[in-house]
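In case you want the letters, here they are:
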Amino acid sequence: MHQGSQGASSPLIGIALKVVSVAVFVGMSTAIKATGEVPAGQIVFYRSFFAIFPILLFLAFRRELRTAFVTRRPFGHVMRGLVGVMAMGFGFFALTQLPLPEAITLNYAQPLLVVVFSALFLGENVRMYRWTAVAIGLIGVVIVSWPKLTLFTSGAGLGDKAAIGVVAALVSASLSAVAMLLVRNLVHTERTATIVLWFSLSASVMALFSIPFGWQSLSWQQTALLVTGGVCGGIAQLFMTEAYRHAEASTVAPFEYTSLILGIVVGYVVFGDLPTIHTLVGGAIVIGAGIFIILRERRLGIERKAAKKAAPPQ
């Protein structure tokens, strides 16, 4: 399953599938937030384990189940799982500490950090346009974070709680960016189904190691919400994968930002959270920077293809 394997033959279908995946991911976040303050490791287990079932059903329907687990790079999958589990743990902890729109907005730092880490660790050539977009985007992240971070010095308990939530969200975004680089490396030899399944399995196993750090007994409502969150995570992953089959990544990726609109609506209706002016202004700056980077990547990709066509045969 390759991104954009069918070219841009049905971009509207790709966009529709992406928006559905984003909506289901917001549903997942809503279910997890509604459980209250459950230990992050426990949330990671439910999110990972119950995501496996819709993925297995989908693979069985496509008759790809038998070969889905076959891999030549188990260590690569374990490393991606380890980093991904830590990213999820910090992200879910942040979700329990922050209003839904702010938790979603701070996660938008991830694509900006992918650009930075690609330059630092992979030696990718990042030019001034993208560095400028990253800098502007990170200013947006600071605008969203600042009211919470300044409360570190206030001595107020609620302020400290929100500040820790912001730090956790930014650590999660950083680890997610590293995980994305590991996935980029895996896709050269591994199929999408294999990557997704190995991650869900490894994350489920690794999450069990957090039991000694304090899992808690859950009410049936909390259990139902966490199971729902896990199933939603698996379904959203499938919709997202299918979206990239129908359209190029640069066409589909900007619609990730519809999650902020959905997050604001759901946050208000379900939790009574109203976005602050800092969240709205900072979010707009981060989204603008992210979309610029996506469009720039698309243009560079077109230029690379043209250069390759024009190059004399070796």
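Everything numeric here is computed off the predicted structure, so don't read it as measured data. Per chain, residues are indexed from 1 in the order of the written sequence. Only residues with pLDDT of at least 70 get local features here, since the model is predicted, and only at 80 or more are side-chain atom pairs given and counted; chain-wide, interface and lining totals rely on the full set of residues. Water and hydrogen atoms play no part in the side-chain values, which are based on all heavy atoms of the structure.

Notes on the overall build of the chain
Link 1 in the chain: Helix and strand counts for the chain stand at 13 helices and zero strands.
Link 2 in the chain: Ordered by position from the N terminus, the helices and strands of the chain form the series α-α-α-α-α-α-α-α-α-α-α-α-α.
Link 3 in the chain: Each of the 314 residues in the chain was classed as buried or not, and the buried ones make up 46%.
Link 4 in the chain: Long-range contacts, defined here as pairs at least 24 residues apart, represent 88% of the contacts in the chain between residues at least 6 apart.
Link 5 in the chain: Accessible surface, the chain: about 15600 Å² in total, of which carbon and sulfur atoms supply 71%. Numbering of helices and strands runs from the N terminus; a helix is a DSSP stretch of H or I covering at least four residues, while a strand is a stretch of E covering at least two. Throughout this description, buried means an accessible area under 20% of the type-specific maximum (1.4 Å probe, protein chains only), exposed means over 50%, and partly exposed covers the range between. By definition in these notes, contact holds between two residues if any of their heavy atoms fall within 4.5 Å. Where accessible areas are quoted, they stem from the Shrake-Rupley method and a 1.4 Å probe; at the residue level, only the protein chains shown are allowed to cover.

A word on helix 2 (residues 40-49)
Link 1 in the chain: The buried count for helix 2 comes to eight of 10 residues, which makes it a mostly enclosed element.
Link 2 in the chain: Looking only at helix 2, the buried set comprises G41, Q42, I43, V44, F45, Y46, R47 and S48.
Link 3 in the chain: In this structure, the buried residues of helix 2 make contact with helix 1 (11-34), helix 3 (52-61), helix 4 (74-97), helix 9 (192-208) and helix 10 (220-246).

Quick look at the confidence of the model for the chain
Link 1 in the chain: Note: pLDDT gives the predictor's confidence per residue, expressed from 0 to 100. When pLDDT is averaged across the chain, the result is 85; 89% of the residues are at 70 or more.
Link 2 in the chain: Mean pLDDT per element in the chain: helix 11 (residues 249-252) is the minimum at 73, and helix 2 is the maximum at 95.
Link 3 in the chain: Note on residues 1-8: pLDDT is under 50 here. Beyond four places in sequence and across chains, it has 24 contacts.
Link 4 in the chain: Below pLDDT 50 for its whole length, residues 151-157 participates in six contacts with residues either more than four positions away or in separate chains.

Points about the side chain of S259
Link 1 in the chain: When you line up the elements, S259 lands in helix 12 (residues 258-271).
Link 2 in the chain: Of the residues examined, S259 reaches a relative accessible area of 6% and is grouped as buried.
Link 3 in the chain: If we skip the residues at most four places from it in the chain, S259 touches V22, V26, I104 and Y108.

Overview of the layout of surface pockets
Link 1 in the chain: We place a 1 Å grid over just the protein atoms. Points where a 1.4 Å probe fits but has no way out form a cavity, open points with protein on both sides within 12 Å along at least 5 of 7 lines form a pocket, and any residue with an atom within 4 Å of a point lines it. Grid points are joined across faces, edges and corners, and a volume is the space filled by probe spheres set on the points. What the second largest pocket holds in volume is close to 240 Å³.
Link 2 in the chain: In this structure, the second largest pocket is lined by 13 residues; those nearest its centre are G41, V85, M86, G89 and S210.
Link 3 in the chain: Going through the elements one at a time, helix 2, helix 4 and helix 9 are the ones with two or more residues in the lining of the second largest pocket.
Link 4 in the chain: For the lining of the second largest pocket, the element with the highest residue contribution is helix 4, accounting for six residues.

Remarks on the environment of F93
Link 1 in the chain: Relative to the elements of secondary structure, F93 occurs in helix 4.
Link 2 in the chain: As a C-alpha pair, F93 and V38 span 55 residues in sequence and 8.5 Å in three-dimensional space.
Link 3 in the chain: When neighbours within four sequence positions are excluded, F93 is seen to be in contact with A40, I164 and A168.

Description of the environment of A207
Link 1 in the chain: Here A207 shows up in helix 9.
Link 2 in the chain: The spatial distance from the C-alpha of A207 to the C-alpha of R47 is 10.0 Å, given a sequence separation of 160 residues.
Link 3 in the chain: Not counting residues within four places of it along the chain, the set of residues in contact with A207 comprises G41, V44, F45 and W215.

Here we look at unusual backbone geometry
Link 1 in the chain: Located in the positive-phi region is R63, a residue other than glycine, with phi close to 60°.
Link 2 in the chain: Looking at the element boundaries, R63 is found in the loop between helix 3 and helix 4.

Comments concerning the environment of G165
Link 1 in the chain: Mapped onto the elements of the fold, G165 is located in helix 8 (residues 157-186).
Link 2 in the chain: Separated by 68 residues in sequence, G165 and Q97 place their C-alpha atoms 5.1 Å apart.

Quick look at the packing of helix 1 against helix 12
Link 1 in the chain: Helix 12 packs onto helix 1 with a crossing angle of 35° between their chain directions and a minimal axis gap of 10 Å. Two packed elements cross with a definite hand, and for helix 1 against helix 12 that hand is right-handed. For the pair helix 1 and helix 12, contact is made by V22, A23, V26, T30, K33 and A34 and by T258, S259, L262, G263, V266, V270 and F271, respectively.
Link 2 in the chain: Class assignment of the residues belonging to the contact of helix 1 with helix 12 gives a composition of eight nonpolar, four polar and one charged. For every element, the axis is a line fit to its C-alpha atoms; helices are fit only across the contacting stretch, and the angle between N-to-C directions ranges from 0 to 180 degrees. Note on convention: the crossing is left-handed when the near helix lies turned anticlockwise from the far helix by less than a right angle, right-handed when the turn is clockwise. For this classification, Asp, Glu, Lys and Arg are treated as charged, while Ala, Val, Leu, Ile, Met, Phe, Trp, Tyr, Cys and Pro are nonpolar and the rest, including Gly, are polar.

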